[in-house]
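Understanding the architecture of this molecule
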Amino acid sequence: MNNSLVVVVIASGVLFGTPLLYAALGELLAERSGVLNLGVEGMMLMGAVTGFWTVERVHAARPLVLAAAVGVAALAGAAMAAIHAFLVITLRANQIVSGLALTIFAGAAGLSSYLGNDLHLSGKPARYQFQEIFPKSLRDLPIVGPVIFGQPLLVYASWACVVLVALYLSRTRVGLNVRAVGESPAAADAMGVSVPRYRYAHTLVGGAFAGIGGATFSLSITPQWVDGLTEGAGWIAIALVIFSFWRPTLCLVGAYFFGAFKALPFALQGHGVTVAPELFQTLPYVATIIALVLVSSRAARLRFGAPAALGLPYAREER
Amino acid sequence: MDFEAAAGEVHALLGENGAGKTTLSNILTGLYRPDEGHIELFGEHVEFNSPRDALDAGVAMVHQHFRLVSPFTVAENVVLGDHRDVGRSFFLRPRAIESRVEELSQRYGLAVAPRARIWQLSVGEQQRVEILKALYQDARILILDEPTAVLTPQEAGALFETIRAMAADGRTIIFISHKLHEVKAVADQVTVLRRGQSVATVPIVDATPRSLASLMVGHEIEAGRRQDGGQEPGEAVLELDEVWADGDRGVAALRDVSLTVCAGEIVGVAGVAGNGQRELAETIVGMRPATAGKVRVRGRGIRNGDPRGAIGAGVAYVPEDRLGTGVAPGLSVASNVVLKAYREPPASHGPILRTRRIRELAERVIERYDVRTSGPHVPAWQLSGGNLQKVVLAREFSGEPVALVAAAPTRGLDVAGIETVHSYLREAAERGVAVLLISEDLDEILMLADRIAVMYEGSIVGERDARVATARDIGLLMAGGEDGD
């Protein structure tokens, strides 16, 4: 039963969706504060390569090495995001241009490839990787076994992150301030909330999440370093934020939905059906466009739409 | 600049635009830092480096453009940035906030539902939310920047009562305005500002509107409504016949509007913002298609939704959104002057623009309309509001229009600019142009118009002869005919 198509697709959909989920949660935080960061793909690749490098070079107990790798990946993502933050928050550069530049700079055929080649990382499996943590007896349970208990630690950590981010945004004072900064920086500023400080913090944390998302590829899914490893997952993550109407819980649903699209062609192949994976990869974008159409009315946009100040630099007005 | 206000006092700051009212309040609320001098609060020297410092010290401001987060609820807006008890509650407690908001709104007569979302509220209600924000933060000094600009006379009356109640509680209210009768109605003390200096502080009992006005502009100005009663209106030029049109949200914004403006006549359209005035102007000039009914100029119908047709028929338009619709801000003054005339000689010859001619044309306009700029090559956005409006008027008049639609033509202008615009509108009417003046400033309409039509929720709810109309009467119509008090 656990080998049936549906269970396999769902179980691997959850795994494949996890890097999307991390990256989308990070992007969601940045966007809720009003910063659009199109550098997700680049930040993910930097996280993937530096996380993999840590596992190759650090010699210690397995849990320590993996923890360090995730930490390094998060730092690498945050460092990349810092470049974007400085350009768009301090210098008020165009956010789209800066984000694209970041992906080109750090992404495939950029800094991440250079690091991968220079440190001779490609072509070998990771020395340590995240594995299933529950005992075989649990993993063999019908349906819930592979779907719930058959996942590596990073999956469970991502669930915690979803809950924390959701509570943070909706129930805390600081979260309220973040949302205000993204919706109406002038109102937040007038109430004594520092717009640049909030935007820097959330852009950086967003980058860290993207870095962890990248490391999920190189330390769990693949698990090895290949140039351009994420294969556009960063872009899907950005689409996912829109698809989920900037809501963390919907992000989770969307990530697994999109993850399942990725898993489906492989699972079908196992059943002797061949379909072009490329075609399936376009489905997330189609779903996103449908979601955008659904929320295009004004009332819906105010409730489910993008933060009103998304992508706009903020300066205290003259007068 | 020296300025002093006592506790429990309503202190008006009176001055033209650019007199320094807003700059002063920005310094008081920590948005700007003073280059020199210092602020004392209750006898203590204070220094504000950010809005938060000012809020902590008890100084809050209600800006002219509200600083509200529109998808948030009233309660969420009120608690925003409040950090006094972060340590005690990291999490939001909506119930507690809502009940406190409820309590404050009852005490000061600020009726508004704490759970409503801002975008569902009227402008007047939104302003109450702004005041509630300040009260929630225990502001001891409250600065109100032209609070009545967006209100009906009845709403303004309610606001004045709230102001008095707050002052009675020992709070200091700084009331920024350029409307003399309001200052007279609500303030205890008034400080008049002119060109960044405080020229006088007087108790309101010693001040007359006339003495304040002359302090404000530095010389006596003539005020009051149109004296001559106007000339006899000529034939009907601009006619609207049972016009309906949809607003941006797809709901009918104009409902069965019929209106006639005759040659040489100024018809004022009064109403609170958002009751269809913008849609009315846009429908007449062809920018918004009418869903039913007909717009006619000199008896000939204008094709629906065809701005060029309207221009061809002789309709000139001074739009409400000066910088967005009125001019192309990045283009030079010269280009903006010929924006409607560039298709014909002398501005162009076939497909080629004749830049020298355009330049000459612009220079003539700059001189004739007294546009203060260093030359026709200056980009339009660099001009001040008044000068920009002169450019728009010059362009619109140069086409020798038969009808002129002017939407809020003096909004944001200083007294001198307002006078200029008013005199141009009068001149146009004297030349026989049919002028439709749409304005939220009732005083302006009473002063200029021959006839006043009042809009409410997309319909014309009443027409009055300007010579016999009273502000109270019009105000009631603006509020939908209900008695506000």
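This one's a predicted model, so the numbers in the text were calculated from it and none came from an experiment.

Rules and cut-offs
Residues numbered from 1 in each chain as written. Chains lettered and ligands numbered in written order. Predicted model: local features only at pLDDT ≥ 70, side-chain atom pairs only at ≥ 80, totals over all residues. Helix = DSSP H or I, 4+ residues; strand = E, 2+ residues; numbered from the N terminus. Buried ≥ 20, exposed ≤ 12 C-beta atoms within 10 Å, placed from the backbone. Contact = placed C-beta atoms within 7 Å. Nonpolar A, V, L, I, M, F, W, Y, C, P; charged D, E, K, R; others polar. Pairing = 2+ DSSP bridges. Right-handed = clockwise from strand over helix to strand, strands pointing away. Domains from an automatic or database assignment. Core = buried A, V, L, I, M, F, W, Y, C linked by C-beta atoms within 7 Å. Axes fitted to C-alpha atoms, helices over the stretch in contact; angles between N-to-C directions. Parallel < 35°, antiparallel > 145°, perpendicular 65-115°, else oblique. Left-handed = near helix turned anticlockwise from the far one by under 90°. Expected span 1.5 Å × (residues − 1).

Here we take up the overall build of chain B. Broken down by element type, chain B carries 17 helices and 20 strands. Considered along the principal axes of its C-alpha atoms, chain B spans approximately 75 × 45 × 45 Å. Of all 485 residues assigned to chain B, the portion counted as buried reaches 47%. Partitioning the intrachain contacts of chain B with sequence separation of at least 6 by distance along the chain shows that 68% fall at a separation of at least 24.

The next point concerns the interface of chain A and chain B. Contact residues are listed per partner, giving 21 residues for chain A and 21 residues for chain B. Mapped onto the side of chain A that touches chain B, the elements with two or more residues apiece are helix H9 (173-183), helix H10 (185-190) and helix H16 (298-304) of chain A. Along the lines of polarity and charge, the residues of the side of chain A that touches chain B split into nine nonpolar, four polar and eight charged.

All names here are of chain B. Extensive coverage of strand S18 (residues 434-438) is indicated by the burial of five of its five residues. With burial as the criterion, each face of S18 is covered, one bearing Ala-434, Leu-436 and Ile-438 and the other bearing Val-435 and Leu-437. Pairing analysis gives four bridges linking strand S11 (residues 266-270) to S18, with the strands arranged parallel. Residue pairing for S18: Val-269 is matched across the bridge by Ile-438. Bridging between strand S17 (residues 403-407) and S18 involves five bridges; their strand directions are parallel. Following the sheet pairing, Ala-407 is matched in S18 by Ile-438. Crossover S17 to S18 through helix H15 (residues 415-430) is right-handed.

Attention shifts here to the domain arrangement of chain B. Structurally, chain B comprises domain 1 (10-217) and domain 2 (236-478). Centre-to-centre, using C-alpha coordinates, domain 1 of chain B lies 33 Å away from domain 2 of chain B.

Residue and element names in this part refer to chain B. When you tally the buried positions in S11, you get five out of five residues, the bulk of the element. Two strands pair when backbone bridges link them, and S11 and strand S19 (residues 451-456) are joined in this way by four bridges, in the parallel orientation. Each residue of the ladder has a partner; that of Ala-270, found in S19, is Val-454.

Turning to the sheet that holds strand S10 (residues 252-262) of chain B, a few remarks are in order. Backbone hydrogen bonds are what pair the strands of a sheet, in a parallel or an antiparallel way. All names here are of chain B. Read across the open sheet, the four strands follow the order S10-S9-S12-S13; overall the sheet is antiparallel. Looking at strand neighbours, the two that pair on one side only are S10 and strand S13 (300-301), the edges of this open sheet. As paired elements, strand S9 (residues 236-246) and strand S12 (residues 290-297) share six bridges and run antiparallel to each other. By the bridge assignment for S12, Trp-244 is matched with Ala-292.

Further remarks concern the nonpolar core. Residue and element names in this part refer to chain A. Counting 86 residues, the largest nonpolar core has Leu-20, Ala-23, Ala-24, Ala-237 and Leu-240 as its most contacted members. Looking at this core, the elements with two or more residues in it are helix H1 (5-32), helix H2 (40-57), helix H3 (62-90), helix H4 (95-106), helix H8 (153-171), helix H11 (195-221), helix H12 (233-243) and helix H13 (248-270). Here this core takes 15 residues from H1, the largest share from any one element. Residues in contact with Ala-24, not counting those within four places in the same chain, are Ala-237, Leu-240, Val-241, Cys-251 and Ala-255.

A separate point is the packing of H1 of chain A against H8 of chain A. Between two packed helices, what matters for the description is the angle formed by their axes and the separation of those axes. Residue and element names in this part refer to chain A. At their nearest, the axes of H1 and H8 sit 10 Å apart, and the two run at 25 degrees to each other. In terms of their interaxial angle, H1 and H8 are classed as roughly parallel. Seen from above, H1 lies across H8 with left-handed handedness. Of the residues in H8, those in contact with Val-14, Leu-15, Thr-18, Leu-21, Tyr-22, Leu-25, Leu-29 and Arg-32 of H1 are Leu-154, Val-155, Ser-158, Cys-161, Val-162, Val-165 and Leu-169.

Another point: the sheet that holds strand S20 (residues 459-465) of chain B. Residues and elements named next belong to chain B. Taking strand neighbours across the sheet as the criterion, the six strands line up as S14-S17-S18-S11-S19-S20 in an open arrangement whose pairing is mixed. Strands with a single pairing partner mark the edges of an open sheet, and in this sheet they are strand S14 (315-318) and S20. Along the sheet, successive strands turn relative to each other by an average axial angle of 20 degrees, direction set aside. Bridge count for S14 against S17 is four bridges, and the pairing is parallel. Bridged to Val-315 within S17 is Ala-403. Each of S11, S14, S17, S18 and S19 touches helix H9 (residues 277-284); the most contacted strand, S17, lies at about 150 degrees to it. Sheet strands in contact with helix H14 (residues 385-398) are S14 and S17, and its direction is about 175 degrees off that of S14.

Taking 1.5 Å of rise per residue, the 18 residues of H2 of chain A would be expected to cover 26 Å, and the 26 Å separating its terminal C-alpha atoms lies within 8% of that figure. In terms of burial, H2 of chain A is a largely internal element, 16 of the 18 residues being buried.

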